[in-house]
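Understanding the architecture of this molecule
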Amino acid sequence: MTRDGLDSSAAGAPRNTSSGASTASSPAPTNRPAPRASRKTHSKTRTGCGNCKRRKIKCDETRPSCRNCQRHSVECDFTRVVHQAATSGLDPPISLLDLELLHNFTSSTYTTLTSDPATRNIWRTAIVRRATGCEFVMRTVLAVSGMHIAQYRPEQKHLYISHAVAHHKAASRTAIALMAELLPQHQEDLWIFSVLTIYFALGSPRDPSASLLIGESVLPDWIFLLNGVRHLLVALQSTSYSGILSPILKNGANRWEVSHRPQHRDANILHDLSANVRSTVGDATELEIYERAIRELRCQISLVVSCERQDLDIMDAFVWHFEMADSFMPLLKQMRQEAVAIFAHSLVILNAFEGHRWLHGWGAFLMSRIWDILDEERRLWIQWPIEEIGWVAPSGPSGPFGVNNARST
């Protein structure tokens, strides 16, 4: 009996019944074909990229580019799909790329928005949680993250920037419509949108011939966006605000107080600028605005030049712009010569943040714009900030004493 309890006869094989047979006969041979070696199979997919289909290899469908395309340094169909959505003028759908951007914001981007630990935590948690219930805020978060990550992914920089721009355009359409009414239930969301839009503009590619957002003004429009942020802050504070933005607003108030300590208010700087402005401005109201702008600027410049880099917060770069948003910035937008010369001195503040990823290069970029705006007389007023930031004026007819490109008022 075999191990299975069956002998060969039980299996149906013929038995030899002849007398004297000493052993059972072997089973009769059969004509069955030999078994084939089994072929290794894998699950097929019809959703792989075109490159993998043409090469008849399995696609892992990694987005925004499969690993086979990455390995061979070719553009993947998945990348083209995301790019087409970003540049088609339609609101891009939430995708795996967006999940990457959201992860980048909560793991990296938020640390670049402030150095204050409590404020950082608000950006990473409460504001992202808020964005999950407000589409235009979420799109703005993704847009800022896209501009941030593009700096570190040069091979996919265009993809991230185009996707960020598409998200910000979609967010802007909703936010601008809501700003017309400024209802209380939208004020927090609009404040978040406005602040993040400043970072978005700072991270956008710089076009020497056009404004970043509008395309008309000579100076980039992020300089003037703080006016909207200030109006939203006033609206929030009018209701005894105590919501999720409170730590951020408190940090801003603290930075203002630090810059207005006696040693900064009485700093021995900008006296020549003040004298030059008084000698050329005849309108008393306009002169009062300029003198206040210089006083506030004296405080902020004194703070940033006397502090170590680690003791500063990126918010210090914008305190002066925020403080002067209502009165001085409209004159700057009109390109008044005195206003532009005063603003040139504020670039000393930006230069103190040259190592910061959002502000890198802005001091020199804006000084080149200012040089083209100012006439010959006012160019002489800005020699101190030029020396402080280490900018070199162009040579030739429009160089240090040229006026070919200057505007006068």
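We now turn to the structure provided with this report. (Residues numbered from 1 in each chain as written. Predicted model: local features only at pLDDT ≥ 70, side-chain atom pairs only at ≥ 80, totals over all residues. Heavy atoms only, no water.)

A few words on the packing of aromatic side chains. Summed over the entire model, instances satisfying the criterion amount to seven aromatic pairs. Note on W320 and F328: the rings are 5.3 Å apart at their centroids and 55 degrees apart in plane angle, and the pair reads as tilted. With respect to class, W320 is no different from F328; both count as buried. Linked through ring pairs, Y290, W320, F328 and F343 together constitute an aromatic cluster. Across from the ring centre of Y110, 5.8 Å away, lies the NZ or CZ of R124, which sits over that ring. In this arrangement the basic side chain of R378 is found over the ring face of W381, its NZ or CZ atom lying 5.4 Å from the centre. (Phe/Tyr/Trp six-rings, centres within 6.5 Å; stacked < 30°, edge-to-face > 60°. Buried < 20%, exposed > 50% of the residue type's maximum accessible area, 1.4 Å probe, protein only. Lys NZ or Arg CZ within 6 Å of the ring centre and 35° of its normal.)

Bringing the packing of helix α7 (residues 157–179) against helix α8 (residues 187–203) into the picture now. Running from amino to carboxyl end, α7 crosses α8 at an angle of 140 degrees, the nearest separation of the two axes being 11 Å. The handedness of the crossing between α7 and α8 comes out as left-handed. Between α7 and α8, the contacting residues are A164, V165, H168, A171, S172, A175, L178 and M179 on the first element and L190, F193, S194, T197 and F200 on the second. Its residues assigned to classes, the contact of α7 with α8 comprises nine nonpolar, four polar and no charged. (Axes fitted to C-alpha atoms, helices over the stretch in contact; angles between N-to-C directions. Helix = DSSP H or I, 4+ residues; strand = E, 2+ residues; numbered from the N terminus. Left-handed = near helix turned anticlockwise from the far one by under 90°. Contact = heavy atoms within 4.5 Å. Nonpolar A, V, L, I, M, F, W, Y, C, P; charged D, E, K, R; others polar.)

Turning to helix α12 (residues 271–280), a few remarks are in order. Taken together, the buried positions of α12 are occupied by L273, S274 and V277. Viewed along the axis of α12, the buried residues span an arc of 100 degrees, placing them on a single side of the element. In α12, the exposed residues that point more than 90 degrees away from the buried face are D272 and S279. Looking at the buried positions of α12, the neighbouring elements they touch are α13 (284–306), α16 (337–351) and α18 (376–381). (Arc of directions from axis to C-beta.)

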